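# Observations on the three-dimensional arrangement
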Amino acid sequence: QLANCYAQESKYKIAARQITLAHLFNRNNSEYLDTLSSIYQRQNLKFRRLDFNPIYEIKSSGKQVSITASTDPWIAYASAKAIWMYEPGYQDKMNYISSEDSRIIEEKECLFNALVAYERLDAPEKINYPGLYTLSSALPDKRVNDFIMYEISLQEYPEIARQLSGKRLDLLIDYIYKYRVKTPDISQ
């Protein structure tokens, strides 16, 4: 409501911040996404809608693990997931590598595997993976944790946003501005 009030007063920058914050607290609310897109459009900006949703299936029967995925990036992603799920002691060993939460370490390993496969694709094929494109843009800026938080964690567990500090929320707002909002292409 606050974002809409600011938008009615043509205070679009403040409105954009408020609706982005509301979106973070309610990550999967389509009404907030529509309002967010509308407020950004009033500033000649476009919010890129995408869902990071690796498509794969992992099955295990005894010591046999099978992975089904339609494309190389998702096969690579699922292969790393399968190791985390079924390799005895792997998670414990990986916990010694970093002080980060093991779920973050796991997700990074899976994402980097998918990204390596994505980078080998021909340019026309890459358009089918907007999430991996976003990740490849965020990687040089060391924004992988922000990618994981916004694109994966908050989508699955939106209540996490309510536990984040103001500084962390500001980083996520910046992530959205930098990697999900872009100036429209004038040539189109």
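Please refer to the structure higher up on the page.
In this report, the structure presented in the accompanying data block is examined. Keep in mind that this is a model prediction, so the values were computed, not measured.

Along the backbone of the chain there are 10 helices and 4 strands. C-alpha atoms of the chain, sized along the principal axes, occupy 65 × 40 × 30 Å. When the 188 residues of the chain are sorted by exposure, 38% land in the buried category. On the chain, roughly 11,300 Å² of surface is accessible, and the fraction owed to carbon and sulfur atoms is 49%. If the 24 positive side-chain charges of the chain are averaged to one point and the 24 negative ones to another, these points end up 5 Å apart.

Here we come to the pattern of salt bridges. Tallied over the full model, the rule gives 15 salt bridges. Residues Lys81 and Glu106 are paired through a salt bridge, measuring 3.2 Å at the closest nitrogen-oxygen approach. Of this pair, Lys81 sits in helix α4 (residues 72–86) while Glu106 sits in helix α6 (residues 102–119); the two residues are 25 residues apart in sequence, bridging distant segments of the chain. Linking Glu151 and Arg180 is a salt bridge whose minimum nitrogen-to-oxygen distance equals 2.8 Å.

Attention shifts here to the pairing of strand β3 (residues 64–69). As judged from the 6 bridges shared by strand β2 (residues 56–61) and β3, these two strands associate in the antiparallel manner. The residue of β3 that forms the bridge with Ser60 is Val65. Counting the residues between successive antiparallel strands, the hairpin from β2 to β3 contains 2 residues, one of them, Gly62, with a positive phi of roughly 70 degrees.

The subject of this paragraph is the packing of aromatic side chains. Applying the stated criterion to the full structure yields 11 aromatic pairs. Plain terms: the ring middles of Tyr56 and Tyr77 are 5.6 Å apart, the flat faces sit at 50 degrees to each other, and that makes the pair tilted. One end of the pair, Tyr56, is in strand β2; the other, Tyr77, is in helix α4, and 21 residues separate them in sequence. Note on Tyr56: relative accessible area 31%, which makes it partly exposed.

Two numbers describe how α4 lies on α6: the axes approach to 7 Å, and their chain directions differ by 150 degrees. Considered as vectors, α4 and α6 are oriented roughly antiparallel to each other. At the point where α4 passes α6, the crossing takes the right-handed sense. Note on element contacts: α6 touches α4 through Ser102, Ile105, Glu106, Glu107, Glu109, Cys110, Leu111, Asn113, Ala114, Ala117 and Tyr118, opposite Asp72, Pro73, Trp74, Ala76, Tyr77, Ala80, Lys81 and Trp84. Residues of the contact of α4 with α6, tallied by class, amount to 12 nonpolar, 2 polar and 5 charged.

Across the chain, the bulk of peptide bonds are trans and the bulk of non-glycine residues have phi less than zero. Here Ser10, not a glycine, exhibits a phi torsion of approximately 60 degrees, which is positive. Following the sequence through the fold, Ser10 ends up in the loop between α1 (2–8) and α2 (12–25).

It is worth spelling out the side chain of Thr35 at this point. One can find Thr35 in helix α3 (residues 30–41). Classification of Thr35 by relative accessible area gives buried; the value is 18%. Residues in contact with Thr35, not counting those within four places in the same chain, are Asn4 and Ile19.

Next up on the list: the environment of Leu36. With respect to the helices and strands, Leu36 occurs in helix α3. The buried category is assigned to Leu36, whose relative accessible area is 0%. On a C-alpha basis, the gap between Leu36 and Lys167 in space is 21 Å, while along the polypeptide they are 131 residues apart. Beyond its immediate sequence surroundings of up to four residues, Leu36 is in contact with Ile19, Thr20, His23 and Phe47.

Conventions adopted
Residues numbered from 1 in each chain as written. Predicted model: local features only at pLDDT ≥ 70, side-chain atom pairs only at ≥ 80, totals over all residues. Heavy atoms only, no water. Helix = DSSP H or I, 4+ residues; strand = E, 2+ residues; numbered from the N terminus. Buried < 20%, exposed > 50% of the residue type's maximum accessible area, 1.4 Å probe, protein only. Areas by Shrake-Rupley, 256 points an atom, 1.4 Å probe, with all protein chains shown as cover. Lys, Arg positive; Asp, Glu negative; His and termini not counted. Charge placed at Lys NZ, Arg CZ, Asp CG, Glu CD. Salt bridge = Lys/Arg side-chain N within 4 Å of Asp/Glu carboxyl O. Pairing = 2+ DSSP bridges. Phe/Tyr/Trp six-rings, centres within 6.5 Å; stacked < 30°, edge-to-face > 60°. Axes fitted to C-alpha atoms, helices over the stretch in contact; angles between N-to-C directions. Parallel < 35°, antiparallel > 145°, perpendicular 65-115°, else oblique. Left-handed = near helix turned anticlockwise from the far one by under 90°. Contact = heavy atoms within 4.5 Å. Nonpolar A, V, L, I, M, F, W, Y, C, P; charged D, E, K, R; others polar.

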